[in-house]
Amino acid sequence: MIERAASGDRKALARVMTEIELGNDRISESLLDKLHGSFVVGITGFPGSGKSTIISGLAMELIKMGQKVGVLCVDPTSPLSGGSILGDRIRMQELSRQTGAFIRSVPTGGKKGGLGYFTVDLINALDAAGYEKIFIETVGAGQDETDIHNIADAVVMVTVPNLGDEVQAIKAGIMEIADIFVVNKADTGPADEKVKELLALGTAGRMPEVIKVVATRGEGIAGLASAIERRLQQSSMSRQERIKSRLKQLVRYHVEYRLDRYLASRDFDSMANELMSGGGIAQIISRAAGELAK
Ligand SMILES: Nc1nc2c(ncn2[C@@H]2O[C@H](COP(=O)(O)OP(=O)(O)O)[C@@H](O)[C@H]2O)c(=O)[nH]1
Ligand SMILES: [Mg+2]
């Protein structure tokens, strides 16, 4: 299945991803000697800011140049409410018909930090299958959403005119939030003011890159594509270092996954009793740690 996925079989790739999401570690492990070290680009911003439309535009440009592009749409909503996946599907309809594109939505499954527990494994699956650029669409304005910064080689934050609130959020730490800012929907309001506002948050040492875009008309997409490309080429990390740095996150996520599940399922009542009747804390924890690895 892995071999077929790596050689371009899309159905096999979809099955590999399903296995990953079911928590099949063997599958995740068998990808490791097939990684190329693809570039990962995070696209973040409020719902409705135009992330999916922008990714569509960017990906179509890359596909025209002969690249293979993977897209992971992280969906923070609960499976019960159905999520925003439908909207993403519609926005990316043209893209999804391209043989050079592979789009997948990823439930967060309750993980904190903005991404799902198995996102790095899914990146690896796309990487092993030869997708050289991987976009991750994630909802947020920076603060509650730290994962993407540890995983992506470049982060783009999408804002729109007439939305003042998030500038305050950005002020908290502009440089940590994104490498590139997009003022999308420049056709709907005072976009130049918004650009100025964002630029004003820069410091002498580091100015943010701000790009005006009308994603629905494709305006500014080429400029954004080259800004992202510049950013990726500036990175001093080698392919091997990119792979390694993502694997560090993979291990963290898997620990988090098991820990969260453990905490949700355990009978802490009996542990409290054990503690009261003289069981040591370290003893209880070491038994818990043993169970985590199972
Ligand atoms: N007027 C205008 N509408 C846009 C633009 N970009 C996206 N939209 C619309 O905004 C809505 C949300 O876009 P979408 O890409 O789904 O946003 P997401 O939730 O951030 O992924 C859709 O109806 C898009 O057609 C733009 O540049 N101008
Ligand atoms: Mg979307």
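One can find the structure itself at the top, above this paragraph.
Keep in mind it's a predicted model, so treat the numbers as computed, not measured.

A word on the site of ligand 1. Taken together, 18 residues lie near ligand 1, and Gly48, Lys51, Thr53, Arg91 and Asp187 sit nearest. Take Lys51: an N or O atom from its side chain is 2.7 Å from an oxygen atom of ligand 1. Take Asn184: an N or O atom from its side chain is 3.1 Å from a nitrogen atom of ligand 1. Within the complex, 78% of the 580 Å² of free accessible area of ligand 1 lies under protein. Looking at the shell around ligand 1, the elements that each hand over two or more residues are helix 4 (51-64) and helix 5 (85-91). Here the shell around ligand 1 gets 3 residues from one element, more than from any other, and that element is helix 4.

So, on to unusual backbone geometry. The phi dihedral of Lys185 is positive, around 55°, even though this residue is not glycine. Along the polypeptide, Lys185 turns up in the loop between strand 6 (180-183) and helix 11 (191-199). Accessibility expressed as a relative area gives 32% for Lys185, which makes it partly exposed.

Our focus in this paragraph is the environment of Leu13. With respect to the helices and strands, the residue Leu13 is situated in helix 2 (residues 10-21). Residues contacting Leu13, with those up to four places away along its chain left out, are Ala5, Phe102, Ala125, Leu126, Ala129 and Tyr131.

Let us look at the packing of helix 7 (residues 119-128) against helix 13 (residues 239-265). Running from N to C, helix 7 and helix 13 point in directions that differ by 140°, and their axes come no closer than 9 Å. Here helix 7 lies oblique to helix 13, going by the angle between them. Residues Val120, Asp121, Ile123, Asn124 and Asp127 of helix 7 pack against Arg246, Leu247, Gln249, Leu250, Tyr253 and His254 of helix 13. Considering only residue class, the contact of helix 7 with helix 13 consists of 5 nonpolar, 3 polar and 3 charged.

A separate point is the packing of aromatic side chains. If you walk through the whole model with that rule in mind, you get 3 aromatic pairs. Each member of the aromatic cluster is reached from another via a ring pair, and the members are Tyr117, Phe118 and Tyr257. Above the face of the Tyr131 ring, Lys68 is positioned so that its terminal group lies 4.4 Å from the ring centre. Positioned above the aromatic ring of Phe39, the side-chain terminus of Arg242 is 3.9 Å from the ring centre.

In the structure shown here, the tally under the stated rule is 15 salt bridges. One salt bridge connects Asp25 with Arg258, and the closest N-O pair in it is separated by 2.9 Å. Placement of the pair is Asp25 in helix 3 (residues 25-30) and Arg258 in helix 13, with a sequence separation of 233 residues. On the basis of relative accessibility, which here comes to 22%, the residue Arg258 falls in the partly exposed class. Across the pair Glu274 and Arg287 runs a salt bridge whose closest N-O atoms are separated by 2.9 Å. With Glu274 in helix 14 (residues 268-276) and Arg287 in helix 15 (residues 281-292), the pair connects residues that are 13 residues apart, well separated along the chain. Taking the relative accessible area as the measure of exposure, Arg287 reaches 40% and is therefore partly exposed.

This brings us to the nonpolar core. Judged by nonpolar contacts, the single largest core of 48 residues is most densely connected at Leu13, Val16, Met17, Ile20, Leu126, Ile136 and Ile151. A per-element tally of this core places helix 7 first, with 6 residues. Residues Cys73, Val213, Ala215 and Ala225 belong to the second largest nonpolar core, which totals 31 residues.

Our next topic: helix 14. The distance from a side-chain oxygen at the start of helix 14 to the backbone nitrogen of Asp269 is 3.1 Å, and the residue carrying that oxygen is Asp267. One or two positions beyond helix 14, positive phi appears at Gly278, with a value near 100°.

Read from one edge of the open sheet, 7 strands run 3-2-4-1-5-6-7, paired in parallel fashion. In the strand order of this sheet, the two ends are held by strand 3 (101-107) and strand 7 (209-212), each with one partner. Here the average twist between neighbouring strands, direction ignored, is 20°. Here strand 1 (residues 39-45) runs beside strand 4 (residues 133-139); their pairing, made up of 7 bridges, is parallel. In the strand pairing of strand 4, Gly42 is matched with Ile136.

This part covers the environment of Val139. Along the chain, Val139 falls in strand 4. Taking the C-alpha atoms as reference points, Val139 and Thr44, 95 residues apart in sequence, are found 5.5 Å from one another.

Analysis parameters
Residues numbered from 1 in each chain as written. Chains lettered and ligands numbered in written order. Predicted model: local features only at pLDDT ≥ 70, side-chain atom pairs only at ≥ 80, totals over all residues. Heavy atoms only, no water. Near = heavy atom within 4 Å. Polar contact = N/O pair within 3.5 Å; in protein donor to acceptor, adjacent residues only side chain to side chain. Areas by Shrake-Rupley, 256 points an atom, 1.4 Å probe, with all protein chains shown as cover. Helix = DSSP H or I, 4+ residues; strand = E, 2+ residues; numbered from the N terminus. Buried < 20%, exposed > 50% of the residue type's maximum accessible area, 1.4 Å probe, protein only. Contact = heavy atoms within 4.5 Å. Axes fitted to C-alpha atoms, helices over the stretch in contact; angles between N-to-C directions. Parallel < 35°, antiparallel > 145°, perpendicular 65-115°, else oblique. Nonpolar A, V, L, I, M, F, W, Y, C, P; charged D, E, K, R; others polar. Phe/Tyr/Trp six-rings, centres within 6.5 Å; stacked < 30°, edge-to-face > 60°. Lys NZ or Arg CZ within 6 Å of the ring centre and 35° of its normal. Salt bridge = Lys/Arg side-chain N within 4 Å of Asp/Glu carboxyl O. Core = buried A, V, L, I, M, F, W, Y, C linked by side-chain atoms within 4.5 Å. Pairing = 2+ DSSP bridges.

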